[in-house]
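Okay, here's what each chain looks like letter by letter:
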Amino acid sequence: VQVRVGSPKPTTIFGKSRDLSDGGILVETNQTLMLHDKVVVSFLIPGAERMIQSESLVMREVVRPGGARRYGLKFLSLGEEDQGIVREFLAGSTAT
């Protein structure tokens with residue numbers, strides 16, 4: 001997962017996705033994000049032909065033992081096609 005931060009200076013933070021829903025994603029990283037900042041998150045879904053990307057809002061932060069941080073990002077601009085890819089992936093990952 002890539003998270004592009006615009007301020008105080010443009011930078012890209014890399015992390016791992018820990019949870020995904022049609023409304024957002026949980027990202028684990030050793031870097032710090034600021035609550036309520038707008039960022040751009042990009043990630044790959046298995047089987048998708050391209051990266052999924054959305055402007056997102058940092059909604060929550062959990063600091064884990066050892067310093068890893070988890071951030072809940074709420075999608076703000078997930079396109080219709082990307083929404084379909086996410087929904088299809090989620091439906092497949094929950095099927096028994």
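Below, the structure is looked at part by part. These numbers come from a predicted model, not from an experiment.

Rules behind the numbers
- Residues numbered from 1 in each chain as written.
- Predicted model: local features only at pLDDT ≥ 70, side-chain atom pairs only at ≥ 80, totals over all residues.
- Heavy atoms only, no water.
- Core = buried A, V, L, I, M, F, W, Y, C linked by side-chain atoms within 4.5 Å.
- Buried < 20%, exposed > 50% of the residue type's maximum accessible area, 1.4 Å probe, protein only.
- Helix = DSSP H or I, 4+ residues; strand = E, 2+ residues; numbered from the N terminus.
- Contact = heavy atoms within 4.5 Å.
- Pairing = 2+ DSSP bridges.
- Axes fitted to C-alpha atoms, helices over the stretch in contact; angles between N-to-C directions.
- Polar contact = N/O pair within 3.5 Å; in protein donor to acceptor, adjacent residues only side chain to side chain.

A short note on the nonpolar core
In this structure, V3, L20, I25, L33, F43, L73 and V86 are the most contacted members of the largest nonpolar core, which totals 19 residues. Broken down by secondary-structure element, the contributors of at least two residues to this core are β1 (2-5), β4 (24-29), β5 (38-43), β6 (52-63), β7 (69-75) and α1 (80-94). Non-local contacts of V3, meaning those with residues more than four positions away in its chain, are made with T11, T12, I13, V27, L33, V39, V40, V41 and L73.

Details of the sheet that holds β1
What the seven strands build is an open sheet, ordered β2-β1-β5-β6-β7-β4-β3; its pairing is antiparallel. Each having just a single partner strand, β2 (11-14) and β3 (16-20) make up the two edges of the open sheet. Taken pair by pair, the neighbouring strands of this sheet meet at an average axis angle of 35 degrees, ignoring direction. Alignment of β1 against β5, held across four bridges, turns out to be antiparallel.

Points about the environment of R50
One can find R50 in the loop between β5 and β6. R50 sits in the partly exposed class, given a relative accessible area of 34%. Separated by 32 residues in sequence, R50 and D82 place their C-alpha atoms 9.7 Å apart. For R50, the contacting residues outside a window of four places in its chain are L44, E81, D82 and I85. A polar contact of 3.2 Å, which involves the side chain of R50, links it to the side chain of E81.

Regarding the pairing of β2
Alignment of β1 against β2, held across four bridges, turns out to be antiparallel. Considered in β2, the bridge of V3 is made with I13. Between β1 and β2, which pair antiparallel one after the other, the connecting turn spans five residues.

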